[in-house]
Amino acid sequence: MRVAITRGVSPAIGRCELTHLNRTPIDIDVAKAQHALYEAVLGELGCRVQRLDEEPDLPDSVFVEDVAVVLDEVAIITRPGVSSRRGERPSVERALEPHRPLAHIREPGILDGGDVLVVGKDIHIGISSRSDTDALDQVQAIVADHGYRVDGIDVRGCLHLKSAVTAVSDDTLLINPAWVDPTDLGGRTCIPIDPSEPGAANVVRVGDTVLVGAAFPRTGERLSAAGFEVRPVDTSELAKAEGALTCCSLLFDVPDSNDGALT
Ligand code: CIR
C-alpha cells in the first residue's frame, strides 16, 4: 500500500520563506481547503493519508517533502537549507521511523527534499540555494550499498530541482528547459511544459495518474495527448508560499502488513 504523509497548513504560513516570489497575502482558509482537496485526491487514488499535526510556529511546515527523502531501503532526514525549517524534522522522523531505517544529513551539508528527484535507480540532486555538494556526498555514502547512481544538477531561475522537472513515468520526465538542462537528466524522454506555464513541471504521479496544477491547463493537455491520465489540482494559495504539488506530501510504499504502524 502507498502512504502519503502530509501536514496541516500552519496558521503562520504568511511568514513563509520566499526566494523567487514577492510576498502576497495568503488566505489561510482557502489554503486549508485546497490542501484538504489535495489530500482527498491522494486518498481517492489509493493512498493512505497520514496527516501530521499542524505546527503553529513553523510557517513552511505544510511542505513536508523538504525534510525527508524516502527510498525503498532508507529514509534520509534532510538538513533544510534555511534554518527556519529545521524544526520541522522531529515530527517527520517520528512518522517515518516505523517504516524505514533512518539516515541523516549532517552539518555542514544542506539539502531540501524538493531538490531530490528519484527516478528508478537515479538520484538527481539539484545544486541550489538550498542544497549543496556536501549533502550530495553524504547521500552518496548513505545509498552506497543500494545500487543508486547519484549526481548533481545545476538549477537556475527556480527554487528546487523539482520546480523544474519531475517524473511522469519510470522513463519520462516533465521538464521546464528554461530552468534545467535536459541533457543533464540521463537520456530519459523529456516532455517540455507549455512555455506560458513555467511552474507546470512539478507534478505528482500516483500509479497511472498525474496530478497537475490546475493553473497549468496547457501542460495538462500536453500530458493527456501523450497518453497520461491527468488530474488537475488547485493549490493556488500555497503557490504564493512558493509551494507546488510534490512538496505537500511524502509518498512511499509499505507492505500491507505494515498498515497498522500508521495509526
Ligand atoms: C520555502 O521556501 O522553503 C517554502 N516557502 C516553499 C517550499 C516548497 N517546497 C518544495 O517545493 N519542495
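What counts, and at which threshold
- Residues numbered from 1 in each chain as written.
- Predicted model: local features only at pLDDT ≥ 70, side-chain atom pairs only at ≥ 80, totals over all residues.
- Heavy atoms only, no water.
- Helix = DSSP H or I, 4+ residues; strand = E, 2+ residues; numbered from the N terminus.
- Rg over C-alpha atoms; globule rule 2.2 N^0.38 Å.
- Buried < 20%, exposed > 50% of the residue type's maximum accessible area, 1.4 Å probe, protein only.
- Contact = heavy atoms within 4.5 Å.
- Areas by Shrake-Rupley, 256 points an atom, 1.4 Å probe, with all protein chains shown as cover.
- Lys, Arg positive; Asp, Glu negative; His and termini not counted.
- Charge placed at Lys NZ, Arg CZ, Asp CG, Glu CD.
- Disulfide = S-S within 2.5 Å.
- Salt bridge = Lys/Arg side-chain N within 4 Å of Asp/Glu carboxyl O.
- Near = heavy atom within 4 Å.
- Polar contact = N/O pair within 3.5 Å; in protein donor to acceptor, adjacent residues only side chain to side chain.
- 1 Å grid on protein atoms, 1.4 Å probe; cavity = no way out; pocket = protein on both sides within 12 Å on 5 of 7 lines; lining within 4 Å.
- Points joined across faces, edges and corners; volume = space filled by probe spheres on them.
- Nonpolar A, V, L, I, M, F, W, Y, C, P; charged D, E, K, R; others polar.

A. Inspection of the overall build of the protein at higher detail. Per the secondary structure count, the protein includes six helices and 15 strands. For the protein, the C-alpha radius of gyration of 17 Å lies close to 18 Å, the compact-globule estimate for 263 residues. Taking all 263 residues of the protein together, 53% fall into the buried category. Taking as baseline every contact in the protein between residues at least 6 positions apart, the subset at least 24 positions apart corresponds to 69%. Accessible area for the protein stands at about 11000 Å²; split by element, carbon and sulfur atoms hold 49% of it. A gap of 2 Å separates the mean positions of the 25 positive and 42 negative side-chain charges of the protein.

B. Representation of the state of the cysteines. Tallied over the full model, the rule gives zero disulfides. Here C47 is not cross-linked by a disulfide; its sulfur's nearest cysteine counterpart is in C248, at 14 Å. Lacking any disulfide linkage, C248 is separated from the closest cysteine sulfur, that of C247, by 4.3 Å. For C248, a relative accessible area of 1% corresponds to the buried category.

C. Quick peek at the pattern of salt bridges. Enumeration over the complete set of coordinates arrives at 16 salt bridges. The closest approach of N and O atoms between E73 and K121, which form a salt bridge, is 3.0 Å. Of this pair, E73 sits in the loop between β3 (68–70) and β4 (75–77) while K121 sits in the loop between β6 (116–119) and β7 (122–127), and the two are 48 residues apart along the sequence. Linked through salt bridges whose partners overlap, the residues forming this network are D66, R85 and E88.

D. Quick peek at the site of the ligand. Every one of the 14 residues lining the ligand counts as a neighbour, but E17, D60, E65, D66 and A241 are closest to it. Within the backbone of E17, one N or O atom sits 2.8 Å away from a nitrogen atom of the ligand. Residue D66 places a side-chain N or O atom 2.8 Å away from a nitrogen atom belonging to the ligand. For the ligand, whose accessible area on its own is 350 Å², the fraction buried by protein is 98%.

E. How the structure looks around the layout of surface pockets. Approximately 930 Å³ is the volume found for the largest pocket. Lining the largest pocket are 30 residues, with R2, V70, V118, R205 and L251 sitting closest to its centre. Elements that contribute at least two residues to the lining of the largest pocket include exactly β3, β6, β9 (165–167), β12 (204–206) and β15 (250–253). Looking at the lining of the largest pocket residue by residue, the class counts come to 15 nonpolar, six polar and nine charged. Of the voids in this model, the second largest pocket is the one considered here, and its volume is about 660 Å³. Lining the second largest pocket are 36 residues, and of these G199, A239, E242, G243 and A244 sit closest to its centre. If you list the elements that add at least two residues to the lining of the second largest pocket, you get α4 (161–164) and α6 (236–239).

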